[in-house]
Amino acid sequence: MTTTGTPQRVVVVGQGYVGLALAMRAVEVGFDVVGFDQDEDRIKRLSAGGSYIEDVSDATLAGALATGRYRPTHDPGQCAGFDVAVIDVPTPLADGNPNLSYVEDAARILARHLRPGATVVLESTTYPGTTEELVAPILEEGSGLTAGADFHLGYSPERIDPGNPVWNLVTIPKVVSGIDDASLAAVRGFFDRIVDQTVPVAGTKVAELTKLLENTFRHVNISLVNELAMFAGDLGIDIWEAIDAASTKPFGFMRFTPGPGVGGHCLPIDPSYLSWSVRRSLGRPFRFVELANDVNANMPDYVVQRLVRALNRMGKPVRDSRVLVLGLAYKRNTADARTAPGMAIAGALADLGAEVQVADPHVQTDHVPFVIVEPSTVDVAAADAVVLVTDHDAFDYEMVCEHARFVLDTRNRLSGPNVELL
Ligand SMILES: NC(=O)c1ccc[n+]([C@@H]2O[C@H](COP(=O)([O-])OP(=O)(O)OC[C@H]3O[C@@H](n4cnc5c(N)ncnc54)[C@H](O)[C@@H]3O)[C@@H](O)[C@H]2O)c1
C-alpha cells in the first residue's frame, strides 16, 4: 500500500463530548478538520460559535473556526478526501443489548469516501471484535477496498473524564491499536500528534477490552462500596470513616465512595457490552457485571427509601412533603444528566406524591419535568427534606446546612445535626 505522507485532512464523525474535543485538539495541532454530525441543530450551533460541551469553551471553538481549518457540517459529502477519519458516535444499549447502529451508519458514510492509504479509527466504546468483525466489512463493502491491504484500520478508546481539571484529552495516555502493523503505525502516528503519550497494544480486540476492563473495574468497585454503605448504615457503622481509614493503606487499596447510583454514557452501559459479548461468545454470564448492575441500579430507590424513612421519623408522609433535590448531573461540576440518578430519584419522589423541586446550575433544565429553583434560602428552608445528589462546587453548602430542616447527603459533603449521610 502506498501512503500519502503526513496525514493532513481529518474527519471526526460525531461532534459530541468526545468528537468535539478531539476536533478542537486536531485543529490546534495543525490538521484540517471536518466535524461531521448528523444533528443539524448541533452543527448550526457550532457554526455560530456556540459550544454545548462544558469542556470545550466558546473561546476555544471560536479560535478553531477562526483558523479556517475547522468545518462543522451535517453534509456527509464533506467527509470526502480524508486522510484520517475518527468515529465518535454513541454506543448505547437497546433492551440491554449493544446498539451499534450509529457505528454502522458512520462506517457506511466513511466507506463512500475511503481512499487507498487513508486511516479509519473507531473511538466509540464497544465490545471486543467490533472493529474487525463489524466496521471492517462495512468499510470494505462500501469502498471496494481491502482493510490492511488498501487502507489502515484501528481502534483507540477514549478515556476523557469530563470536568477533570488535571487529566484531559492531551495528558491522559492513549491506548492505540491496528488490525495489522501498518495500521497500528498509522493510528499511533496520528495520535502521537494529538496526545502526550500513546500506548500501543497488539490488536484491536485488546484495545477494545482495555476500555471495557477500565469501566467495569470502576463499576464493580462502586457497587461494592454502595452495597457496603447499605449494610454499614444498618449496622450503625460510618462507612465514610472506614473508607478514609482504608485509604491510608499505601498499597493494595483504591478509594471508591458510595453514591446515589451511576449515570452518564459509560458506567451504566459499557460493562453490559462486555457481559453481552461474553454471553454471546461463551454462553456464560459475567456475574460480576450483572451483580454490579443490580446493586448500582437499585441505589436511587435506596435513596428514596432513606428519605421516606427520614420523613416518617418527622411524622410526615412523603405525599405532599416538599423535597428539594440538589443536582441532576451524574457527576460533580458537569452538565451531563444522561441516565443520572437525580432524575430517577426526583421521578420516584414525584410518583409517591411529593412536591419535588430540583436545582442544578450546570444542567440544561428546559425540558426537565420538575419545578426548577436556584435554590434560595427560602427554597431550602421551605423544604421538608433536601437530598444532595450531585455535589457541584457551585452549591452554597453553608447556607444549606444553616437553613435546611433535614438533609440526606449522598456524597459526604455536609455535616451538622440536620445532616444524615448515605
Ligand atoms: N462522554 C464521555 O465522557 C465518554 C468518555 C469515553 C468514551 N466515550 C464513548 O465515546 C462515544 C461517543 O460518546 P459521546 O459522549 O461523545 O456521545 P455524544 O452523544 O455526546 O455525541 C455523539 C454525537 O454523534 C452524533 N452522531 C450519531 N450518529 C451519527 C452518524 N451516523 N453520523 C454523524 N454523527 C452521528 C450525534 O448526533 C452526537 O452529536 C461513545 O461510545 C461513548 O461511550 C464517552
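Residues numbered from 1 in each chain as written. Predicted model: local features only at pLDDT ≥ 70, side-chain atom pairs only at ≥ 80, totals over all residues. Heavy atoms only, no water.

## Thoughts on the site of the ligand
Around the ligand there are 26 residues in total, and Val 18, Asp 37, Arg 42, Thr 91 and Thr 125 lie nearest to it. In this structure, an oxygen atom belonging to the ligand sits 2.6 Å away from a side-chain N or O atom of Thr 91. Against a free-state accessible area of 830 Å², the protein chains account for coverage of 95% of the ligand. Elements supplying a minimum of two residues to the shell around the ligand: helix H1 (17–28) and helix H4 (101–113). When residues in the shell around the ligand are grouped by element, the largest group, three residues, is from H4. When grouped by side-chain class, the residues that make up the shell around the ligand number 11 nonpolar, seven polar and eight charged. (Near = heavy atom within 4 Å. Polar contact = N/O pair within 3.5 Å; in protein donor to acceptor, adjacent residues only side chain to side chain. Areas by Shrake-Rupley, 256 points an atom, 1.4 Å probe, with all protein chains shown as cover. Helix = DSSP H or I, 4+ residues; strand = E, 2+ residues; numbered from the N terminus. Nonpolar A, V, L, I, M, F, W, Y, C, P; charged D, E, K, R; others polar.)

## Some thoughts on the pairing of strand S7 (residues 119–122)
In S7, alternate side chains face the same way, and those of Thr 119 and Val 121 on one face and Val 120 and Leu 122 on the other are all buried. The pairing of strand S4 (residues 84–87) with S7 spans four bridges and is parallel. Counterpart to Ala 85 in the pairing with S7 is Val 120. Read as a crossover between parallel neighbours, the route from S7 over helix H5 (residues 130–143) to strand S8 (residues 152–155) is right-handed. (Buried < 20%, exposed > 50% of the residue type's maximum accessible area, 1.4 Å probe, protein only. Pairing = 2+ DSSP bridges. Right-handed = clockwise from strand over helix to strand, strands pointing away.)

## Quick look at the sheet that holds strand S1 (residues 9–13)
Read across the sheet, eight strands follow the order S3-S2-S1-S4-S7-S8-S9-S10 without closing on themselves; strand pairing throughout is mixed. Edge positions in the sheet fall to strand S3 (70–73) and strand S10 (198–200), since each has one partner strand and no second. When the angles between neighbouring strand axes are averaged without regard to direction, this sheet yields 25°. Contacts from helix H2 (residues 40–47) reach strand S2 (32–36) and S3 within the one sheet, and its direction differs from that of S3 by about 150°. Where helix H6 (residues 181–194) meets the sheet, it contacts S1, S4, S7, S8, strand S9 (174–178) and S10, and its direction lies at approximately 150° from that of S9. (Axes fitted to C-alpha atoms, helices over the stretch in contact; angles between N-to-C directions. Contact = heavy atoms within 4.5 Å.)

## Notes on H1
Taking 1.5 Å as the rise per residue, H1 with 12 residues should run 16 Å; its terminal C-alpha atoms sit 17 Å apart, in good agreement. Burial analysis of H1 places nine of its 12 residues in the buried class, which makes it a mostly covered element. Turning to H1, its buried residues number three or more, namely Gly 19, Leu 20, Ala 21, Leu 22, Ala 23, Met 24, Arg 25, Ala 26 and Val 27. Within two residues after H1, Gly 30 carries a phi angle of roughly 115°, on the positive side. (Expected span 1.5 Å × (residues − 1).)

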